[in-house]
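# Architecture at a glance
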Amino acid sequence: MVRSSIICCLSLLVGSGVCWSGDASSRPLRVYLCCSAENDLHQVLKDSGYECVRFETLAGALDEVPDKAPLLVLADGYPETTTRITTAQFEQARKKKLRLYLEYPAWLPGLEVAAPRRFKIERAVVTSDFFGSNLKPLRIMAINGKHVTPVDVAESHVVAARVAGFDSAVYGLPDETSPLLFEHPAGDVLVATTKLSHFVTGRYSPTDAIQTMWNGILRWLCGDGPMPELRWTATVRPSYGRDDVLPRDIEKQTIERAGRWYYRSKVMPTAEQDQAVKRAMTKADGPMLPPAPDEPVGDGSFGILQGYMSGIALDGTQMRNAVRRGDNQCEAAMTLALIGKVEGDQRKLQAARNILDFYLFDSEARRGPRADPNHGAYGLIAWGIDHPAWLKANYGDDNARQIMGILATAAATQSDRWNEAVGMCLLANIRTTGVLGFRPDRIDVGPLTKNGWEPYFRAKTVRLVPHFEAYLWACFLWAYQHTGDELFYTRTEKAIRMTMESYPDNWTWTNGMAQELARMLLPLAWLVRVEDTPEHRRWLRRVATDLIALQQRCGAIAEQLGRPGKGIYPPPPSNEAYGGNEASLIQRNGDPVSDLLYTTNFAFLALHEAAAATGETLYRDAEDKLAEFLCRIQVRSSAHPEMDGTWFRAFDFQRWEHWGSDADAGWGAWCTMTGWIHSWITSVLAMRQMDTSLWDLTSDIRMEPAHRMYRPTMIPDEFPNSIDTLESSVPR
């Protein structure tokens, strides 16, 4: 090959300390690469101050690279095509005493290389001291979308393995691992069985670990001399740094970007896409391809999808989650309506109306047994549609957030068209709530068909789990305020009292204890609204103080696990359990993560409502800090506009990037949701702009007519309502 075939790429990163003077010791470090010009590593090396000499072919590189030089042969054909290298080329590299880094090989001398295999749940785990003290054995990295050419070798520096842990594999390595990076037994060849050089496009993380990994590889290739620091800008990242000066109207800008996300993300299907959604829902988890740039956007007439799944593909995209679940419909409608109200945007206001009309009137969510006055499920709203697994379920917490979303949408759009659905849903939930004010987490249509509603109404159920109970209590307090029906208050106050008397030792926690605190705050704040007593204020302040104690200087709320043995979805107890169930984002207390799906979002709402209910600065100050934090960490991405303007579930507030244990089988660290995460964060920001609270926003809604219409038939007056009358009415 002639010299003209060599493409020299010379650049210097300002401030890297690498000079261009004639002194050889101060010249940029030269590396030789066989790869495309677009390869991530090639681009990062250039931008970081390395002198890159790039070749299009391996044959040309082996002919031209000087003896004893470092040569990186990168996997341009990944994942469809493995990297081809012949016996003669290996021998040529050996004779020239090259330091060779080879990715995704099809063949290796003296070793058996199997056909490429796609790894999903396995993460990358460091297994040696090759990288030094900054990346010790058992450290975990996410190498997304990895395809691997399996090789059986005795020692590796990094392996793919199914391991539990936040930063480190806390239970060690499992028996089954697959090498990702190892030194060939013949020497002078470092082999990666996957494309480690794809780290920018593939969004490998965490950044500090990926930097250290590549520094270690480059040091092995180039020796122990000075090396430029590797730097790159993540394609998906927080909008602002921890200490960046924020615009004065940052909350307004955050709301605007959050509103645009509902359209950029292509989560509102059109009439044509409705069938594609139903096809995706042949699987209960509803995986649906990322949107094409020219894909049309719906107007809410066919609802809204759940959001985006956590898994990150080779190109950095994430699959959409096609589930159309009720809480997301109603919460997203609320958010679009509130943004529309703030911005005077009729398009968003109409989308909010369309979403609620679709789910409450056009879909199957309130049909069948739920529309039958003689059925126990009458008045409930389905967990989701399009698949039996979703349609059969009735979660009290999900119904509660549906109710809250509908009420906020009704207030923002000044409509009473959904009042009847709300009134029926309130009655359907209170009549499946026991005499002590607790309700089973989930009551499916089947048991309601068999048992009716009365046994649940009579039961002495006790569930000290605010995650599942608290938001129904908040809705019941709202219902009492708007209907005067004592049943809503007496059962709720009894349950709240029992829960506070059991705090904290006897509480059951779901994914963590922090989320239970966040959930409990809302009904406590609204209890003060209904009956402002010193005792009720003490309850509110006690829980809030414990939650605020978890708030960091940057405003983040750290996740915290509860007492061992009391968790429903604790961190995985073994490597085998990783990725098999719902789970926390942390492995142990002290892991520096905020959970925006289960804690931070609901804490933001609750602190806002507590501040409005009491006027106390304790709550307002914590809310303000949290608002600033959330504005800073809103996702920014020009490479992935479908992600720009939303929030992911996990955020590592020490690293200041999106990172956490991805153990949750359904809603992992990088998932986002049109309800839950995105909706409550944005809606509270919008209410802050409107200088109102959810309680005050919905204060003029007239619920009494719907309640008066359905109360006599859904819960007849002669039915025992209290624990005292129950004792005498139940046969012994």
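Residues numbered from 1 in each chain as written. Predicted model: local features only at pLDDT ≥ 70, side-chain atom pairs only at ≥ 80, totals over all residues. Heavy atoms only, no water.

## Things to note about the packing of helix 10 (residues 396-413) against helix 14 (residues 466-483)
Helix 14 packs onto helix 10 with a crossing angle of 40° between their chain directions and a minimal axis gap of 7 Å. In this view, helix 10 runs oblique relative to helix 14, as classed from their interaxial angle. Relative to helix 14, helix 10 is oriented so that their crossing is left-handed. Only His467, Phe468, Tyr471, Leu472, Cys475 and Trp478 of helix 14 make contact with helix 10, whose side of the interface consists of Gly396, Asp397, Ala400, Arg401, Ile403, Met404 and Leu407. Looking at the contact of helix 10 with helix 14 residue by residue, the classes come out as nine nonpolar, two polar and two charged. (Axes fitted to C-alpha atoms, helices over the stretch in contact; angles between N-to-C directions. Helix = DSSP H or I, 4+ residues; strand = E, 2+ residues; numbered from the N terminus. Parallel < 35°, antiparallel > 145°, perpendicular 65-115°, else oblique. Left-handed = near helix turned anticlockwise from the far one by under 90°. Contact = heavy atoms within 4.5 Å. Nonpolar A, V, L, I, M, F, W, Y, C, P; charged D, E, K, R; others polar.)

## Things to note about the side chain of Lys348
With respect to the helices and strands, the residue Lys348 is situated in helix 8 (residues 346-362). A residue is classified by how much of its surface remains accessible, and Lys348, at 7% relative accessible area, is buried. Side-chain polar atoms of Lys348 contact the side chain of Asp345, separated by 2.7 Å. Those residues within four positions of Lys348 in sequence are excluded, and the remaining contacts are Gly259, Tyr263, Leu336, Ala337, Ile339, Gly340 and Glu343. (Buried < 20%, exposed > 50% of the residue type's maximum accessible area, 1.4 Å probe, protein only. Polar contact = N/O pair within 3.5 Å; in protein donor to acceptor, adjacent residues only side chain to side chain.)

## So, helix 4 (residues 207-222)
End to end, helix 4 covers 22 Å across 16 residues, agreeing with the expected 22 Å (1.5 Å per residue, within 8%). Looking at helix 4, one finds that the buried residues are Ala209, Ile210, Thr212, Met213, Trp214, Gly216, Ile217, Leu218, Trp220 and Leu221. Where helix 4 is buried, its residues meet helix 1 (40-48), strand 4 (70-73), strand 5 (99-103), strand 8 (140-141), strand 11 (178-183) and strand 12 (189-192). Looking one or two residues past helix 4, Gly223 carries a phi angle of roughly 100°, positive in sign. (Expected span 1.5 Å × (residues − 1).)

## Focus on the packing of aromatic side chains
Enumeration over the complete set of coordinates arrives at 23 aromatic pairs. Consider the rings of Phe199 and Trp214, whose centres lie 6.2 Å apart with planes at 40°: the pair is tilted. Residue Phe199 is found in the loop between strand 12 and helix 4, and its partner Trp214 is found in helix 4; the two are separated by 15 residues along the sequence. No difference in accessibility class separates Phe199 from Trp214, as the two residues are buried. Aromatic ring contacts, followed pair by pair, group Tyr101, Phe199, Trp214 and Trp232 into a single cluster. The residue whose ring lies beneath Arg491 is Phe457, and the NZ or CZ to ring-centre distance is 3.8 Å. If you follow Arg636 out to its NZ or CZ, it ends over the ring of Tyr240, 5.6 Å from the centre. (Phe/Tyr/Trp six-rings, centres within 6.5 Å; stacked < 30°, edge-to-face > 60°. Lys NZ or Arg CZ within 6 Å of the ring centre and 35° of its normal.)

## Side note on the pattern of salt bridges
Between side chains of opposite charge, a pair can form as their charged atoms come close. Counted by the stated rule, this structure contains 44 salt bridges. A salt bridge links Asp167 to Arg655; its shortest N-O distance comes to 3.0 Å. Remark: Arg655 occurs in the loop between strand 19 (650-652) and strand 20 (672-673) and Asp167 occurs in the loop between strand 10 (158-161) and strand 11; sequence separation between them is 488 residues. Given a relative accessible area of 21%, Arg655 falls into the partly exposed group. In this structure, Glu295 engages Arg320 in a salt bridge whose closest nitrogen and oxygen atoms are separated by 2.6 Å. Here Glu295, found in the loop between strand 14 (287-288) and strand 15 (307-312), pairs with Arg320, found in strand 16 (residues 318-321); they are 25 residues apart in sequence, far enough to count as distant. Here Glu295 matches Arg320 in class, with each residue buried. The network of salt bridges with common partners includes Arg325, Asp327, Glu331, Asp397, Asp398, Arg401 and Arg519. (Salt bridge = Lys/Arg side-chain N within 4 Å of Asp/Glu carboxyl O.)

## Structural notes on the environment of Leu694
Along the chain, Leu694 turns up in helix 21 (residues 694-697). Here Leu694 falls in the buried class, since its relative accessible area comes to 2%. Taking the C-alpha atoms as reference points, Leu694 and Met404, 290 residues apart in sequence, are found 8.4 Å from one another. Look past the residues within four positions of Leu694 in its chain and what remains in contact with it is Met404, Ala408, Trp526, Leu605, Glu609, Trp680 and Met687.

## What to know about the sheet that holds strand 16
Across the sheet, which stays open at both edges, the four strands sit in the order 14-16-15-20 with antiparallel pairing between neighbours. Pairing within the sheet leaves two strands with one partner each, and these edge strands are strand 14 and strand 20. Summarising the sheet, strand 14 and strand 16 pair through two bridges and their orientation is antiparallel. Along strand 16, the bridge assignment pairs Pro287 with Asn321. (Pairing = 2+ DSSP bridges.)

## Some words on helix 19 (residues 617-633)
For helix 19, with 17 residues, the first-to-last C-alpha span of 24 Å sits near the 24 Å given by 1.5 Å per residue. Buried residues of helix 19: Tyr619, Ala622, Glu623, Leu626, Ala627, Phe629, Leu630, Cys631, Arg632 and Ile633, and no others.

Just geometry here; none of it tells us what the structure is for.
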